[in-house]
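# Fold and geometry: a report
Single-letter residue listing:
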Amino acid sequence: MSKKYYILGVVAVPAVILCCVFFGGDMITSDELDREILNSPTQNETPEKPATEILMLVNATHKIPDDFTPTLTTEGVIYNVIMSDDVEEMRQAAMEEGIYLVFNDAYRNQEQQQWLYDTLGSRLAQKPGYSEHETGLAIDFSFNQLSSYDQTQMWNWLKNNSYKYGFILRYPAGKESITGIDYEAWHYRYVGKDAAKIIYENDWVLEEYLEKNQAAYAPDSFGSSG
Ligand SMILES: [Zn+2]
C-alpha cells in the first residue's frame, strides 16, 4: 500500500511541476494581468488626495513648485497614484459601454518635457516646470493606430463622463483666451470628483473654478478641507 502511494507521489509531483512550467503562462489571462498592473499601486493603500495637489494650477504663469515630487505608479502607464482608483473606475465604466480608453502619455519628467519642448517648440509644448504632465495628473488619450478604433467615440465619452471620475477636459474649444492653449481633445486633467463635477456643470476651466473658489485658491485653507 505505502509503495503504491510512493509511486503515485513520484509520478504526480513532477507532473504538477511540469504542468506549472509549461502551462503557467496560461493561468493568468491578459485581462487579469492588465487589471493586476493597473491595480497594483493601490492594492494596499488608499492615497490621500490633498487639494493642494489635485487642484494645483499649472499653466504658462504658474510653475510647479520646485519641491513638488509626485508619487507615481510603478507599472504600466505612469501617473500620479492619487488618481489610481478613479482611473481604474473610469476605465471599467467606459469598457462596459464598449469604449476602450487608450492611454498615450501621462507622467513626464523634466528631462522628457525639455526634450519635447526642444523638439516641438513653444507653440506645441510647455516649458519644463510648466506642464501638467510633470505632476502626473494629466493624461493624453489617443487612438490606437493599429486598429480602426473610432477615436471620436472615445473623445465624446470622455467629454461627457470623465468628470464622474474626477477628470476634466483641460483645454476646451472656446476657452483658449483663459487657458492659453489651443483646443486639445486628448488632454485630461485630474482634479478630483468634487471639483470636476462643478467644473463640468458650469462649463468652466480650472482657472475659472479656482478664481470663483477663492478659498480653494489660498493654499492655507487647503489643509482643513481634507
Ligand atoms: Zn497633454
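Overview of the structure.

Reading the values: rules and limits
Residues numbered from 1 in each chain as written. Predicted model: local features only at pLDDT ≥ 70, side-chain atom pairs only at ≥ 80, totals over all residues. Helix = DSSP H or I, 4+ residues; strand = E, 2+ residues; numbered from the N terminus. Buried ≥ 20, exposed ≤ 12 C-beta atoms within 10 Å, placed from the backbone. Pairing = 2+ DSSP bridges. Axes fitted to C-alpha atoms, helices over the stretch in contact; angles between N-to-C directions.

Relative to the helices and strands, Asp-194 resides in helix α8 (residues 193-202). When the 14 C-beta atoms within 10 Å are taken as the criterion, Asp-194 is described as partly exposed. Between the C-alpha atoms of Asp-194 and Tyr-163, which are 31 residues apart in sequence, the distance is 8.8 Å.

As a further point, take the environment of Thr-69. Relative to the helices and strands, Thr-69 is located in the loop between α3 (51-54) and α4 (84-96). C-alpha of Thr-69 to C-alpha of Gly-136: the two residues are 67 residues apart in sequence and 9.5 Å apart in space.

Excluding glycine, most residues fall at negative phi; most peptide bonds, likewise, are trans. Despite not being glycine, Asp-203 shows a phi value in the positive range, around 60°. Relative to the elements of secondary structure, Asp-203 occurs in the loop between α8 and α9 (206-212). Judged by C-beta crowding, with 10 C-beta atoms within 10 Å, Asp-203 ranks as exposed.

Sheet architecture is open: four strands sit in the order β1-β2-β4-β3, paired in antiparallel fashion. One side of each edge strand has no neighbouring strand; the edge strands of this open sheet are β1 (103-105) and β3 (167-169). Going across the sheet, the axis of each strand differs from the next one's by a mean of 40°, ignoring polarity. One ladder, built from two bridges, connects β1 with strand β2 (residues 138-141); its direction is antiparallel. Bridge pairing in β2 places Phe-103 opposite Phe-141.

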